[in-house]
Structure formats: C-alpha cells, structure tokens
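Chain by chain, the residues:
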Amino acid sequence: MSKNDKLNRLKDIIKPYVEDTQKLNNIDESTKFIDDLAINSAHLVDIILDVEDVYDIRIENEEMENMLDVGTALQIIESKTQ
Amino acid sequence: MIFIGNDVIDLSFQDQLFRQFKNSRLNQKIFSAQELAIIVKEDNLTLLRRWTMKEAGYKAYQRLYELQPKFNPASIHTEIRDLYSGFATIGDHRFKLKTEQNDDLIYTYIDNHQYPQITLGYRSREDLIKKLSDYFSARTVYISKDSLNIPSILIDNKSKPISLTSHGSFQLAMFPLY
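Residues numbered from 1 in each chain as written. Chains lettered and ligands numbered in written order. Predicted model: local features only at pLDDT ≥ 70, side-chain atom pairs only at ≥ 80, totals over all residues. Heavy atoms only, no water.

Draft legend 1. Spotlight on the interface of chain A and chain B. Between chain A and chain B, the contact holds 20 residues from the first and 18 residues from the second. Interface area, chain A with chain B, both sides summed: about 1700 Å², of which 51% is carbon and sulfur. At the junction of chain A with chain B, the criterion picks out four salt bridges. The partner of Glu65 of chain A in a salt bridge is Lys70 of chain B, and the shortest N-O contact between them spans 3.9 Å. (Contact = heavy atoms within 4.5 Å. Buried area = accessible area lost by both parts, 1.4 Å probe. Salt bridge = Lys/Arg side-chain N within 4 Å of Asp/Glu carboxyl O.)

Draft legend 2. The pairing of strand β11 (residues 170-176) of chain B, seen in detail. Residue and element names in this part refer to chain B. With six of seven residues buried, β11 is to be regarded as a mostly interior element. Summarising the sheet, strand β6 (residues 117-121) and β11 pair through five bridges and their orientation is antiparallel. Residue pairing for β11: Ile118 is matched across the bridge by Phe175. Inspection of the sheet shows strand β10 (residues 163-167) paired to β11 by five bridges, in the antiparallel sense. (Buried < 20%, exposed > 50% of the residue type's maximum accessible area, 1.4 Å probe, protein only. Helix = DSSP H or I, 4+ residues; strand = E, 2+ residues; numbered from the N terminus. Pairing = 2+ DSSP bridges.)

Draft legend 3. Up close: the nonpolar core. By size, the foremost hydrophobic cluster in this structure holds 43 residues, and its most contacted members are Phe33, Val51 and Ile59 of chain A together with Phe21, Leu48 and Phe71 of chain B. Contributing elements (two or more residues each) for this core: α1 (3-14), α3 (41-55) and α5 (70-81) of chain A together with α1 (14-21), α2 (24-30) and α4 (44-65) of chain B. Looking at this core, the element that brings in the most residues is α3 of chain A, giving eight residues. What Phe71 of chain B contacts, discounting residues up to four positions off in sequence, is Ser41, Leu44, Val45, Ile48, Met64, Glu65 and Leu68 of chain A together with Trp51 of chain B. (Core = buried A, V, L, I, M, F, W, Y, C linked by side-chain atoms within 4.5 Å.)

Draft legend 4. Looking closely at the environment of Thr78 of chain B. Residues and elements named next belong to chain B. Within the secondary structure layout, Thr78 lies in strand β2 (residues 77-80). Exposure remark for Thr78: the relative accessible area of 1% places this residue in the buried category. Each C-alpha atom of the pair Thr78 and Tyr61 lies 14 Å from the other, and the pair is 17 residues apart in sequence. When residues no more than four places from it in sequence are discounted, the contact partners of Thr78 are Glu35, Arg50, Met53, Lys54, Phe87 and Ala88. Only 2.5 Å separates the side chain of Thr78 from the side chain of Glu35, close enough to count as a polar contact. (Polar contact = N/O pair within 3.5 Å; in protein donor to acceptor, adjacent residues only side chain to side chain.)

Draft legend 5. Local environment of the side chain of Ser32 of chain B. All names here are of chain B. Here Ser32 is to be found in the loop between α2 and α3 (33-39). A distance of 3.2 Å separates polar atoms of two side chains, one belonging to Ser32 and the other to His77. If sequence neighbours within four positions are ignored, Ser32 has contacts with Lys54, Ala74 and His77.

Draft legend 6. Main features of the environment of Gln22 of chain A. Residue and element names in this part refer to chain A. With respect to the helices and strands, Gln22 occurs in helix α2 (residues 21-25). Owing to a relative accessible area of 57%, Gln22 belongs among the exposed residues under this scheme. Spatially, the C-alpha atom of Gln22 lies 9.9 Å from that of Leu37, the residues being 15 residues apart in sequence.

Draft legend 7. Quick peek at unusual backbone geometry. Although it is not a glycine, Asp56 of chain A adopts a positive phi angle of roughly 55°. Among the structural elements, Asp56 of chain A can be located in the loop between α3 and α4 (61-64). What makes Asp56 of chain A exposed here is its relative accessible area of 70%. Not every positive phi belongs to a glycine, and Asn157 of chain B is a case in point at roughly 70°. Note that Asn157 of chain B resides in the loop between β8 (151-155) and β9 (158-161).

Draft legend 8. Structural context of the sheet that holds β2 of chain B. Residue and element names in this part refer to chain B. One open sheet accounts for five strands, arranged β1-β5-β4-β3-β2; its pairing is antiparallel. Among the strands making up the open sheet, the edge pair consists of β1 (6-10) and β2. Ignoring strand direction, the axes of neighbouring strands in this sheet form an average angle of 20°. Inspection of the sheet shows β2 paired to strand β3 (residues 85-90) by four bridges, in the antiparallel sense. Among the inter-strand pairings, His77 is bridged to a residue of β3, identified as Thr89. (Axes fitted to C-alpha atoms, helices over the stretch in contact; angles between N-to-C directions.)

Here is the structure:
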C-alpha cells in the first residue's frame, strides 16, 4: 500500500469526527488531531479504537500517548502491521 | 504557586457521551485499573465528571512542567471527595479540583485555595479579548500559545497564564486574578 493510500485510509477513519471537511481534505503527516482538526479528546479515543478495529491491532496506552498527529498515527500503524 | 487548568462538558451531548463511555474498551484507555474497579458502581454523570477532572489536571500538569502534549488519560488517577471537590494525581503531583455541575454542564477546574481566579464565558476569540480588556480595564490584550500549545494572555504587557476549554455551546476561560 502506498503512503498516499495509507493516509487516505486514516482519513476515512477520522472523517466522522471532523466537522471542517476542507481541513480534513488538506491533512498531511504534520496535521495535529486536536489542534488542527478540532477533534475533541474523547473522540481521539474513538479514533484509536477505530484504528485498532480497522487494522486488527492493539494500541497500548503508552503507545497512544504520542498519537496526537497524523504522522505518529501512521508510524504506529506501520509498526503494528509489518 | 498557582495552577491553572479547566475543562467543560456540554450536557446537551450527554446521551452521545453516555453511549461512548459505555464502551469497556474505551474505558480501559481512559481510566486507571483502580478507577475501573470503582466506576462500575458510578452513574454516567460521574464518569463524565471524572473525564473533566483528568483534562483539567492534565492542563495544569503540562503547564507546570512545560511538557510536550501527551494523551494518556489512564495515567491520571482521579478521586472524588464529595459533590464539589476531588483530586487528580499525575506522576507525583496531586491537584485539588473543584467541580460545578448543573443541568447544562459539568465544569471542573484546579482549586487554588486562597488565590482568586476568574472564569469567563466567551463566544469567540475576539469576544474573549474584549471581555478581558473590559475586565482588567486594559489597553492591550493578546492571547497566544507557545510551542507546546499552552495558552497565555498578555494584558498591558503583563503575562498571565490562562486555560481555555470548549465543548458544544460552552467556551470558558480561566485565569488568576493577580
């Protein structure tokens, strides 16, 4: 799967929690979930659960700690699905 | 030393939040093992109150130690003392908290005992700047965030910490009076 495909798959996961579709369309690895996309922290947990379901992986709380931006989320997914 | 941290939940979203917090997988990511044993006996509103306690405590802790933003709510342990007060423990720091709750919202903030602190409701950034200008009779008011995303206000060139929280129709700012 290409880098772009991975980003688009993550975009699909976070879509239900983002009100501003323009911001969603412009995300890249530096995009921060809370600060840039205005995702509230309770929904951040939902996103992490959705990522676990979609990729059939388990993200420990210590790994979740830094999952505040798109790039880190993609890195964690990559490391768990190799 | 004064600690600043606040968090609000708009209870018009309570049904949606109750559904979210009923998910045991979600709870395992939010609550410590000790809390998980306690929350089974608690009502839904108390779970939401604990969430605001974690958020308010985290904001004060991040500011105190100038930490990079992190997201690990289960590492913050909450204790409820009575209807209005409780504690959030993060690392070796235990913050005393106050909670105000009514039919519309749950609002929790760090209890600084004798240090007076103010909460202002606002509609937009411009509205907050205007309210702060009026409150302090100030000529210039700026709101900024540092590289750690921690907000502060500059009132006539004097810097003050400020904590901002928003959910649904509520946007609340808290800052020390002096």
